[in-house]
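# Residue-level structural notes
Listed below, chain by chain, are the residues.
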Amino acid sequence: MRTRHAEIAGAGFAGLTAATALAQRGWSVRVHEKAAELRTEGAGIVLWNNSLQVLDDIGATHDLMSRSMTPPAYETRMNNVIRSQERLDGIRWRTLTRPHLFSTLLFAAREAGVEVVPNSTVAAATADGEVTLASGETVTADLVIGADGVGSRVRDSLGIPLERQRSRDGITRFLVPRRKAELQALEPDTEWDNVIDFWNLDPRVLRVLYTPANEEELYIALMAPADDSAGSRVPIDLELWTSVFPQLAPVLEDAARTPGKYYGYQTTRVDSWVRGKVALVGDSAHAMCPALAQGAGCAMQNAWTLAVAATEATDADALPAALSRWEELERPFTDRCQDRSQWYADTREMANGGQFSGDVVETALYNPTDPRRHEVQPA
Ligand code: FAD
Ligand code: 5PR
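Scope of this entry: the structure provided in the associated data block. (Residues numbered from 1 in each chain as written. Chains lettered and ligands numbered in written order. Predicted model: local features only at pLDDT ≥ 70, side-chain atom pairs only at ≥ 80, totals over all residues. Heavy atoms only, no water.)

Let us look at the sheet that holds strand β8 (residues 122–125). Pairing is antiparallel in the open sheet, where 3 strands are placed in the order β8-β9-β10. Of all strands in the sheet, those bounded by a partner on one side alone are β8 and β10 (138–140). Direction aside, the axes of adjacent strands within the sheet are offset by 25 degrees on average. Strand direction decides the pairing type here: β8 and strand β9 (residues 130–133), joined by 3 bridges, are antiparallel. By the bridge assignment for β9, alanine 124 is matched with threonine 132. (Pairing = 2+ DSSP bridges. Helix = DSSP H or I, 4+ residues; strand = E, 2+ residues; numbered from the N terminus. Axes fitted to C-alpha atoms, helices over the stretch in contact; angles between N-to-C directions.)

Around ligand 1, the surrounding shell holds 27 residues, and the nearest of these are Glu33, Gly44, Arg98, Tyr263 and Asp283. For ligand 1, a nitrogen atom lies 3.1 Å from a polar atom in the backbone of lysine 34. In the environment of ligand 1, an oxygen atom lies 2.6 Å from a nitrogen or oxygen atom belonging to the backbone of glycine 44. Bound to the protein, ligand 1 loses 84% of the 980 Å² it would expose on its own. Of the residues belonging to the shell around ligand 1, the class tally is 10 nonpolar, 9 polar and 8 charged. (Near = heavy atom within 4 Å. Polar contact = N/O pair within 3.5 Å; in protein donor to acceptor, adjacent residues only side chain to side chain. Areas by Shrake-Rupley, 256 points an atom, 1.4 Å probe, with all protein chains shown as cover. Nonpolar A, V, L, I, M, F, W, Y, C, P; charged D, E, K, R; others polar.)

Another point: the site of ligand 2. Surrounding ligand 2, one finds Val46, Ile171, Arg173, Arg207, Leu209, Tyr219, Tyr265, Pro290, Ala291, Ala293 and Met350. Here tyrosine 265 contributes a side-chain N or O atom positioned 2.4 Å from an oxygen atom of ligand 2. Contacts to ligand 2 include proline 290, whose backbone N or O atom sits 3.5 Å from a nitrogen atom. A total of 320 Å² of accessible area belongs to ligand 2 in isolation, and the protein chains cover 95% of it. Listed by contribution, the elements that provide at least two residues to the shell around ligand 2 are β12 (162–177) and β14 (206–212).

Another point: the sheet that holds β12. Across the sheet, 7 strands lie side by side as β5-β4-β13-β14-β15-β12-β16; this open sheet has mixed pairing. Taken across any chain shown, the strands that pair with only one partner, and hence form the sheet edges, are β5 (81–86) and β16 (262–270). Within the sheet, the average angular offset between the axes of one strand and its neighbour, ignoring direction, is 25 degrees. As defined by bridge partners, β14 adjoins strand β15 (residues 217–225) across 6 bridges and the pair is classed as antiparallel. Each bridged residue has a counterpart across the sheet, and for threonine 211 the counterpart in β15 is tyrosine 219. Running over the sheet, helix α8 (residues 249–256) touches β12 and β15 and is turned about 110 degrees from β12. (Contact = heavy atoms within 4.5 Å.)

This paragraph deals with the pattern of salt bridges. As enumerated under the stated definition, the model contains 26 salt bridges in all. Here arginine 336 makes a salt bridge to glutamate 362, at a shortest N to O gap of 2.8 Å. Remark: glutamate 362 occurs in helix α12 (residues 362–365) and arginine 336 occurs in helix α11 (residues 319–347); sequence separation between them is 26 residues. Judged by relative accessible area, arginine 336 falls into the partly exposed class, the value being 23%. (Salt bridge = Lys/Arg side-chain N within 4 Å of Asp/Glu carboxyl O. Buried < 20%, exposed > 50% of the residue type's maximum accessible area, 1.4 Å probe, protein only.)

At the junction of aspartate 202 and proline 203, the peptide bond is cis and its omega measures out at 10 degrees in the coordinates. Considering the arrangement of structural elements, one finds proline 203 in the loop between β13 (195–200) and β14. Cis rather than trans, the peptide bond between valine 234 and proline 235 has omega equal to -5 degrees. For asparagine 80, which is not glycine, the phi torsion reads 65 degrees and is therefore positive.

Let us now look at the nonpolar core. Ranked by size, the top nonpolar core spans 68 residues in total, and within it Ile8, Leu22, Val29, Leu55, Leu101, Leu143 and Ile145 carry the most contacts. When neighbours within four sequence positions are excluded, leucine 101 is seen to be in contact with Phe13, Ile45, Leu47, Leu55, Leu64, Leu96 and Met300. Counting residues in each nonpolar core, the second largest holds 28 residues, with Trp199, Tyr265, Met350 and Val361 among its members. (Core = buried A, V, L, I, M, F, W, Y, C linked by side-chain atoms within 4.5 Å.)

Moving on: the environment of glutamate 37. Tracing the backbone shows glutamate 37 in the loop between β2 (28–32) and β3 (44–48). Classification of glutamate 37 by relative accessible area gives exposed; the value is 54%. The sequence separation of glutamate 37 and glycine 295 amounts to 258 residues, and the corresponding C-alpha distance is 22 Å.

Shown next, in the form of structure tokens:
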């Protein structure tokens, strides 16, 4: 068979994963990134088995392990009283920084022969595989992927209907130095290598999610309702945050000096991930609340299974049906994860701790690279 060609909009986690997996299966692949520089926004990230299996398959695990960690426990506190300390036995998970995940994926993509073009914005796509760039240039491909994030122009140019729901809370994220010795001096009995989710609901909803990303770097996320102007302000209101979380003062002081942006939680659901030869993947198809830390995980999982499904289509005419079949098989898992994440965001139920069991960990445990994964229907 002749070499098949894919054009991808967006060099985020979804676009780079799909690109690498396709190139490793013999496709020629070009990724268009609208930004002038290839890098990621944001701070830290938690990855679970579903995305770690994908990283294993594309050969990126070794690089990733070198600067990531598995904290001893996932701890949840309410008003500084421990609600749960989950060891997460039997669940594979890693914490790391987003820049590290990004550079790992970019390296894997380049190794696989993917062409990544910065400063190249995709303006539109058609169901028969035509892509129009903002420069006016038109290119055609056997497969087009809209991995261009929550504001996807690929999706919107195809007229795919969507529904967007905003939640009342939102979050500002920072990467800061660990300052473990200083934290230990303030609270010696705390295991500062744990993920610690510090909740306060009464008298005011303020939460700090403390996530060590490696030995040197800490990911902290500060959550407040969007209508709390002091709580959602950036730079952060240091006096307010340290009054509620005095034991975190050393790292909050660093956060107060770091630029950041408050993101309101939102969920985007689309009618369909597929139009002919075009597939949407990642936030363009299924942007979700971060509660279960699966936005990037689902993006990578679906990007990888998309590459496999497209490769299995034996000729151009078979591709649209293969993509539709991919959506039919993979979408239920993502929809459930998105629904659960929204439920946790809307109810603030994570404040009660003990959330990583039962149905909730379905996506975390999922292995998208297991060819028999759809034989057993999940609960
Ligand atoms: P994106 O990461 O949004 O990537 C899309 C890419 O496409 C971008 O590089 C963008 O510049 C590019 N692009 C957009 N439009 C075009 C176009 N028309 N043409 C070409 N290129 C285009 N989740 C966590 O678990 N932890 C976090 O700390 C965290 N931080 C986040 C910070 C930000 C700023 C955002 C927006 C989301 C964050 N999330 C976080 C959620 C998680 O990052 C997303 O679910 C995940 O990144 C989705 O990956 P993606 O590749 O689908 O989309
Ligand atoms: N978990 C993680 C996270 O980054 C956030 C949430 C939960 C790993 C916020 O970004 O509940 O908002 C959350």
